[in-house]
Amino acid sequence: MDPVVLFFLLGVFAKLARSDLRLPEALYETLSIFLLLAIGLKGGIELAKVPLGSVAVQAFAVLAMGFLLPLPAFAILRGLGRLSRPDAASIAAHYGSVSVVTFAVATTFLSKREVAYETHMPLFVALLETPAIVTGILLARMGTLASVRWRAVAHEVLLGKTLVLLLGGLAIGAAVGPDGIEPIKPMFIDLFKGVLALFLLEMGLVAGGRVADLRRAGVFLIGFGVVVPLIFACIGAIVARLVGLSDGGTALLATMAASASYIAAPTAMRIAVPEANPALSIGVALGVTFPFNITLGIPLYLRLAEALRF
Amino acid sequence: MDPVVLFFLLGVFAKLARSDLRLPEALYETLSIFLLLAIGLKGGIELAKVPLGSVAVQAFAVLAMGFLLPLPAFAILRGLGRLSRPDAASIAAHYGSVSVVTFAVATTFLSKREVAYETHMPLFVALLETPAIVTGILLARMGTLASVRWRAVAHEVLLGKTLVLLLGGLAIGAAVGPDGIEPIKPMFIDLFKGVLALFLLEMGLVAGGRVADLRRAGVFLIGFGVVVPLIFACIGAIVARLVGLSDGGTALLATMAASASYIAAPTAMRIAVPEANPALSIGVALGVTFPFNITLGIPLYLRLAEALRF
Amino acid sequence: MDPVVLFFLLGVFAKLARSDLRLPEALYETLSIFLLLAIGLKGGIELAKVPLGSVAVQAFAVLAMGFLLPLPAFAILRGLGRLSRPDAASIAAHYGSVSVVTFAVATTFLSKREVAYETHMPLFVALLETPAIVTGILLARMGTLASVRWRAVAHEVLLGKTLVLLLGGLAIGAAVGPDGIEPIKPMFIDLFKGVLALFLLEMGLVAGGRVADLRRAGVFLIGFGVVVPLIFACIGAIVARLVGLSDGGTALLATMAASASYIAAPTAMRIAVPEANPALSIGVALGVTFPFNITLGIPLYLRLAEALRF
Amino acid sequence: MQTHARKLLVVICEAALEKMLIEDARRLGAAGYTIADVRGSGRGGTREGAWEADRSIEMKVICEAAVAERFAAHVMATYCEHYSVTMYLDDVSVLRPEKF
Amino acid sequence: MQTHARKLLVVICEAALEKMLIEDARRLGAAGYTIADVRGSGRGGTREGAWEADRSIEMKVICEAAVAERFAAHVMATYCEHYSVTMYLDDVSVLRPEKF
Amino acid sequence: MQTHARKLLVVICEAALEKMLIEDARRLGAAGYTIADVRGSGRGGTREGAWEADRSIEMKVICEAAVAERFAAHVMATYCEHYSVTMYLDDVSVLRPEKF
Ligand SMILES: Nc1ncnc2c1ncn2[C@@H]1O[C@H](COP(=O)(O)O)[C@@H](O)[C@H]1O
Ligand SMILES: Nc1ncnc2c1ncn2[C@@H]1O[C@H](COP(=O)(O)O)[C@@H](O)[C@H]1O
Ligand SMILES: Nc1ncnc2c1ncn2[C@@H]1O[C@H](COP(=O)(O)O)[C@@H](O)[C@H]1O
Ligand code: NA
Ligand code: NA
Ligand code: NA
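Predicted, not measured: the structure shown is a model, and the values here were computed from it.

*Asks:* If you had to explain the confidence of the model for chain D to someone new, which residues and values would you point to?
*Replies:* Residue and element names in this part refer to chain D. When pLDDT is averaged along chain D, the result is 95; 100% of the residues meet or exceed 70. Within chain D, no element has a lower average pLDDT than strand 3 (residues 45-47), which sits at 92, and none a higher one than strand 4 (residues 56-63), at 98. Model confidence for the complex: the whole-complex pTM is 0.95, and ipTM, which rates the interface, is 0.95.

*Asks:* I'd like a description of the relation of the copies chain C and chain A, backed by residues and values.
*Replies:* Each copy of the sequence occupies a distinct position, and chain C is placed on chain A by a rotation of 120° and an axial shift of 0.0 Å, giving an RMSD of 0.0 Å. In symmetry terms, the pair is related by a three-fold rotation axis. The rotation axis passes nearest to the C-alpha of A26 of chain C in chain C, at a distance of 3.7 Å. Looking at chain C, a mere 8% of its interface residues are interface residues in chain A too, so the copies touch through different faces.

*Asks:* Can you lay out the pairing of strand 1 (residues 4-14) of chain E for me, pointing to particular residues and giving the numbers?
*Replies:* Residues and elements named next belong to chain E. Across the eleven residues of strand 1, eight count as buried, placing the element largely inside the fold. As judged from the eight bridges shared by strand 1 and strand 4 (residues 56-63), these two strands associate in the antiparallel manner. If you follow K7 over to strand 4, its bridge partner there is C63.

*Asks:* Residues and numbers for the coordination of the sodium ion (ligand 4), please.
*Replies:* Residue and element names in this part refer to chain A. In the first shell of the sodium ion (ligand 4), the protein supplies Y95 (O), S97 (O), M256 (O), A257 (O) and S259 (O), at 2.3 to 2.9 Å from the metal. Donor residues for the sodium ion (ligand 4) sit on one chain with the sequence pattern Y-x1-S-x158-M-A-x1-S. Here the residue S97 occupies a position in the loop between helix 5 (85-96) and helix 6 (100-113), and S259 occupies one in the loop between helix 14 (247-258) and helix 15 (264-272), the gap between them amounting to 162 residues. Since its relative accessible area comes to 0%, S97 is described here as buried.

*Asks:* So what's going on with the packing of aromatic side chains? Residues and values would help.
*Replies:* As enumerated under the stated definition, the model contains 24 aromatic pairs over all chains in all. Ring geometry for F7 of chain A and F188 of chain C: centres 5.6 Å apart, planes at 15°, overall stacked. With one member in each of two chains, F7 of chain A in helix 1 (residues 3-16) and F188 of chain C in helix 11 (residues 185-188) form a pair that bridges those chains. There is no split in this pair, since F7 of chain A and F188 of chain C are both buried. Members of the aromatic cluster, each reached through a chain of ring pairs, are F7 of chain A together with F34 and F188 of chain C.

*Asks:* Could you give me a rundown of the site of ligand 1, with the residues and numbers involved?
*Replies:* Surveying the vicinity of ligand 1 reveals 18 residues, the closest of which are R43, G44 and T86 of chain D together with T34 and K99 of chain E. More than one chain reaches ligand 1: the nearby residues come from chains D and E. In this structure, R43 of chain D approaches ligand 1 through a main-chain N or O atom, which is 2.8 Å from an oxygen atom. At a separation of 3.4 Å, an oxygen atom of ligand 1 approaches a polar backbone atom of Y33 of chain E. When ligand 1 is considered free in solution it has 480 Å² of accessible area, and contact with the protein chains removes 97% of it. When residues of the shell around ligand 1 are traced back to their parent elements, those giving at least two are strand 2 (33-42) and strand 5 (85-94) of chain D together with strand 2 (33-42) and strand 4 of chain E.

Calculation notes
Residues numbered from 1 in each chain as written. Chains lettered and ligands numbered in written order. Predicted model: local features only at pLDDT ≥ 70, side-chain atom pairs only at ≥ 80, totals over all residues. Heavy atoms only, no water. pLDDT = per-residue confidence, 0-100. Helix = DSSP H or I, 4+ residues; strand = E, 2+ residues; numbered from the N terminus. Least-squares fit on C-alpha atoms with pLDDT ≥ 70 in both. Contact = heavy atoms within 4.5 Å. Buried < 20%, exposed > 50% of the residue type's maximum accessible area, 1.4 Å probe, protein only. Pairing = 2+ DSSP bridges. Donors = N, O, S within 2.8 Å, 3.2 Å for Na, K, Ca; no water. Phe/Tyr/Trp six-rings, centres within 6.5 Å; stacked < 30°, edge-to-face > 60°. Near = heavy atom within 4 Å. Polar contact = N/O pair within 3.5 Å; in protein donor to acceptor, adjacent residues only side chain to side chain. Areas by Shrake-Rupley, 256 points an atom, 1.4 Å probe, with all protein chains shown as cover.

Listed below in structure tokens is the structure:
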């Protein structure tokens, strides 16, 4: 197994065993800033080389997918799960959006397997971040749209640290290119996997702390947290193939679709839909889907991509 | 453009767009500790090789320059700007002192252009830090020198983190030499530019937050923040040539003269001359001069150095 | 001298000169988390290769040493030093346990001297951490064992960050092996000495702040802090030779025996034996023994190991 | 030394509310505020500040009784139902009444 | 706006006591607590929080007078002899009495 | 449980004053103090603690009324004109009067 995943399991173990281990909050923030910038930079370096036309088509498809993904999730949560409208909408927003760290783990998985992928994939991470949140809010507020603090929410999402750092990194990478990045490579490229390992240790501690929430969430949500990623991965893979992505790119887009946001979405939904219970959405996203994806999901999504060639 | 400068611009953009992006305070402190140590170490490694006599002459000239630089700045601020004595003295102290990060950006600029420079230049950064602060306090307190809390100020400056880490790094570097530094090179040398990039992101956030101060400062101070660095760069370049520095060394000393302190000087002047308004000095130093120097100034100072050969 | 030791001296100097230099608490925590994981990982990589039988015998001997080391220390502290039972027991626990950073400095010393050592030594660091604390508590509480909050103490020690990270690192290293560790090597292996240097700067600041405690501790304890490590080093070296360790391994086990814990032991003893004065144990462990070991002790212990061949 | 009575209003809540509370405080007449990062536990479970959505802050506002009452009522009405919020009022004395 | 009188108990002490104090508070009837990291100085010397054994915390508990008294008495009896502990009580008003 | 009345003096100010305030507090008779890092806003603008010159602290001193008055007066006279300082006094009860 990839060492970065073992770091995650170490964190989960430490938390469940009620160890004192606690990473300083400033370290958590630092690691996440680093990862976002580094992912952006890596994507940006290659972005300049790609023909704009083909990227535009792909980007449009990805955006559309982001807006639509919450709909089936919402239907399942309301129909089968009988959750309240705000809770269903909030969870649907989390699953329609994307987890940057799951994406990062998937890229390390692919490079270990020596599977090539389109290097501008981080752009799609940035594009997938927001649309599902918008759809989620619309679903929660049908009929009472006037009451949404749209400005606060838009600000939170569009100028939140995730998008600013991802897009900022992309822009800098595209501006300076592979040669220009050389002097900062020892930090942002060479250390990437080590930093990811440390961040996953912290994520393990956080996810371990969410296990208690799962009891409240109940069996339905736990199942949801495993099944919906599988469905979404298929959707992501199909979209990827339709816009002509390679095996690696298809596996990555499937992973993005299958992953659930735990940074941008929780903050935005907390402000936009306060009556949704965050313990539910975060509990299942971090306590079930995140561990599932980084251990079993990602290898599965690669197989899926390889099986789905047309 | 150098990627590190783009990180700065990203920070400024994020702040002006009122993004949530905020680097943890502990990260800011860590990065600045790292940079000071690393600059010191790099300078120290080579210090042992340089003949002591020639360095002593250069050092003396640099020290003298440090004591004298605030005088013309003070005259301009009082004469043209009609600022109060404490404000003029405080700003003069900031501009007479030196910005370590501007220096760091200049060294990465030179190494990218493959312009050689005297590797003991960090020693001069350390030497330039303090004298202007002394002159600034004298200018503020003419006639009422007894009221200065000299002990507190001396302690603040001489034992502040800037000098302790710069000189400490120099001493360690000189003591162990290039071979001894080898085991810690992956951290302090290889990561230098990446850390600088991250620090400049933070500096961008801080500088962006100072733009509001500029309105209070007015047009005069904004002009001051661009023109005086140019004048000081000339003075620095002339001093550099007089003591026989190379092109690169001349460009660096010009940069040091042109840069304004925003770490040592603000803290010291806050204690020594509390009636000076820190929004003015920090506003112009960080909001005007720092961005000007790292974008337009440094390339200009290299041209200046190349033009000024005698 | 090794640069990492010079960083320690710089920290001591800064503290004694009452400099403002202060590393953020989050940085201290981050560095110690990094070091523990990195030491564990390095040890774990090789652990898989070693025949289990020989390690088991060594481990058993090391464990026994850990349980017994506090006894002579306690006897000296009670008999010669006339310290109260709780104080003597607490100090004995500190000296019976082990300082991870002293161990790290010793490994950099050995690799600089190109002295080979058994790469599974970090396992013994983990094994030595706890037993002396148990013995120390027993010594303090003879007759009133019922009053010990054993559960709290056991939790504190066994699930404290030191053991979790050391053993976690060992397990991950053993699981993925040298190849698996490759992607995170630039961080956890290449940066090791640089991080150690920074951590020693912080340790210098902390140790410098403990000098005042030494006055309270008195001449006896200061002497104790130098003499007992020498005695313990001999014991450690003999044990090492008995279980067939190499020169390097012997020097390392001698160093471990000679070192005094300042992370696990203080926290555990504070909870288990609150009436012991922590200024005494920490004062002598950090103010005397730690500096002694990393400057003079370690080279001495290597000589000792080389002299003691049978 | 002449002192003047003021109210100290303390709001302990999820960090997500920080920006909105600052705006509200200004709008309702507070001349300033002070915020510290904290962790804690209450009805809404334990918040350890380990990551974004788990952070808590403590906001202090020194102001006239009328402002405190208005702000407290606004927080009660706007946030208390759906967010983790703890609030209390204290009587304090200040030296420079014009500041608060 | 109707307010209700409660006690605010503040305990400033070594960070080593955090876990035990939380347990004690719960057991003795407190419905919640808030903790902040602090540094300081007192009889037991200066604690700057530079490393593990040097950290201090400030714990706040809002509760009924009886609970405050019980908790304070327990802290006095259990920890004050051997640990650095500073404690004080304050009278505060809360809006939702059922919470505390 | 017998309690004793003391004053709690709280000073919120620029971090640059920390060392001087500690010295002053000791000199003027305080037996201890507690400091926390904070951020905030007031007359002197917003201080977010993003870098050295932008940091704020909150200092608490529990002491007898006379000491509090002396210290508060000293802070007013020495620092309030040119620095960002907010100060308030509160009445609190302590259990161990000899400590404060
Ligand atoms: N009784 C209490 N005393 C002190 N702080 C409390 C108390 N109850 C709640 N808090 C704080 O207020 C936050 C929100 O409270 P709650 O809404 O009850 O979860 C908690 O995370 C604590 O930091
Ligand atoms: N008079 C005081 N005012 C405010 N805080 C205090 C006071 N005395 C002690 N403290 C705090 O309580 C902690 C423990 O106090 P002590 O047991 O006196 O060392 C100190 O580290 C300070 O943070
Ligand atoms: N009304 C207030 N309530 C709470 N804190 C305040 C208030 N006014 C100012 N402060 C704090 O005191 C610091 C200095 O205040 P000032 O001198 O008004 O800028 C601010 O940065 C705030 O942290
Ligand atoms: Na998704
Ligand atoms: Na200058
Ligand atoms: Na030992």
